[in-house]
Amino acid sequence: MTPEAVERFRNQFIAQVGETRKVRDSERAAIRRALAKEEKAIEGALRAVRDDAATKSIYEMLSAAEKKKEELEADLESLDAPAFVIPEDLAALYRTQVDALAEMLSDPEVVHRASEILGELINRIVIRHDEPGGHTAQIDGKLLGLLSLTDKQKAASYRDAASSLKLVAGA
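Residues numbered from 1 in each chain as written. Predicted model: local features only at pLDDT ≥ 70, side-chain atom pairs only at ≥ 80, totals over all residues. Heavy atoms only, no water.

> Can you walk me through the overall build of the chain in this structure?
If you tally the helices and strands in the chain, you get 6 helices and 2 strands. Listing each helix as α and each strand as β along the chain from the N terminus yields α-α-α-α-β-β-α-α. Every one of the 171 residues in the chain was classed for burial, and the buried ones make up 12%. Summarising the internal contacts of the chain: among those between residues at least 6 apart in sequence, 46% fall at separations of at least 24. Summed over all atoms, the accessible surface of the chain reaches about 13600 Å², with 56% contributed by carbon and sulfur. (Helix = DSSP H or I, 4+ residues; strand = E, 2+ residues; numbered from the N terminus. Buried < 20%, exposed > 50% of the residue type's maximum accessible area, 1.4 Å probe, protein only. Contact = heavy atoms within 4.5 Å. Areas by Shrake-Rupley, 256 points an atom, 1.4 Å probe, with all protein chains shown as cover.)

> Could you clarify how one ought to interpret the environment of Leu79 in this entry?
Structurally, Leu79 is set in helix H2 (residues 56-79). Taking the C-alpha atoms as reference points, Leu79 and Asp25, separated by 54 residues in sequence, lie 8.7 Å from one another. The residues touching Leu79, leaving out its near neighbours within four places in the chain, are Arg24, Glu27, Arg28 and Ile31.

> Even after reading the chapter, I still don't get helix H1 (residues 3-50), so can you show me in this structure?
Turn by turn, an α-helix covers 3.6 residues, leaving residues three or four places apart pointing in a common direction. Between its first and last C-alpha, H1 extends 67 Å over 48 residues, near the 70 Å set by a 1.5 Å rise per residue. Where H1 is buried, its residues meet H2 and helix H3 (90-105). Once H1 ends, the next one or two residues include Asp52, with phi positive near 60°. (Expected span 1.5 Å × (residues − 1).)

> Would you mind showing me how to read the packing of H1 against H2 here?
The description of two packed helices rests on the angle between their axes and on the distance between the axes. In contact at an axis separation of 9 Å, H1 and H2 are set at 155° when each is read in the N-to-C sense. In terms of orientation, H1 lies roughly antiparallel with respect to H2. The handedness of the crossing between H1 and H2 is left-handed. Its residues assigned to classes, the contact of H1 with H2 shows 17 nonpolar, no polar and 11 charged. (Axes fitted to C-alpha atoms, helices over the stretch in contact; angles between N-to-C directions. Parallel < 35°, antiparallel > 145°, perpendicular 65-115°, else oblique. Left-handed = near helix turned anticlockwise from the far one by under 90°. Nonpolar A, V, L, I, M, F, W, Y, C, P; charged D, E, K, R; others polar.)

> How should unusual backbone geometry be read in this particular structure?
Most of the time, phi is negative for any residue but glycine, and the peptide bond is trans. Positive phi is not limited to glycine here, since Asp52 has a value of about 60°. When you line up the elements, Asp52 lands in the loop between H1 and H2. Residue classification places Asp52 among the exposed positions, given a relative accessible area of 73%.

> Would you mind showing me how to read the pattern of salt bridges here?
Here the idea is simple: oppositely charged side chains can pair when their charged atoms come close. Per the counting criterion, the structure on display carries 7 salt bridges. In this structure, Lys22 and Glu19 form a salt bridge, with 3.6 Å as the shortest nitrogen-oxygen distance. Of this pair, Lys22 and Glu19 both sit in helix H1, 3 residues apart, roughly one helical turn. Overall, Glu19 belongs to the partly exposed group, its relative accessible area being 44%. (Salt bridge = Lys/Arg side-chain N within 4 Å of Asp/Glu carboxyl O.)

Now the structure itself:
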């Protein structure tokens with residue numbers, strides 16, 4: 001991860017966050033208007049109750065307005081989720097994580113176990129040199145087994161879709 005690539009990513013991310021904020025601000029304003037409407041309806045219903053002029057439909061309307069108000073408040077709260085911040089030293093953090101991963105993968109015990117597992121799942125690896133783009137790698141093997149390793153909870157659903165499962169990866 002070069003500093004230039006990180007900076008480009010940061011700028012694009014910040015622009016996307018800005019667009020998302022605009023949409024959120026618009027949604028927030030719409031929810032606040034709807035909340036004001038429900039609060040006005042609640043006040044009107046409470047006034048009818050205080051004036052001893054409430055009917056069954058007033059109580060039903062009050063209950064519905066209070067429920068709608070709670071839903072709108074929850075919607076408003078969900079829009080107020082904290083913003084995600086990209087650290088200035090993202091490239092260094094990434095490098096630290098890659099170094100830690102490399103160190104872990106250099107442990108002979110980990111290498112041996114990973115080799116055993118992958119050996120059972122991969123039949124053949126073909127690497128080709130492609131002029132304009134560099135190299136491509138083709139891995140032939142038990143795709144279902146590879147996918148099942150990544151997410152044990154989804155392994156059953158992968159088995160159910162085995163006849164239609166196909167992976168296409170490219171540059």
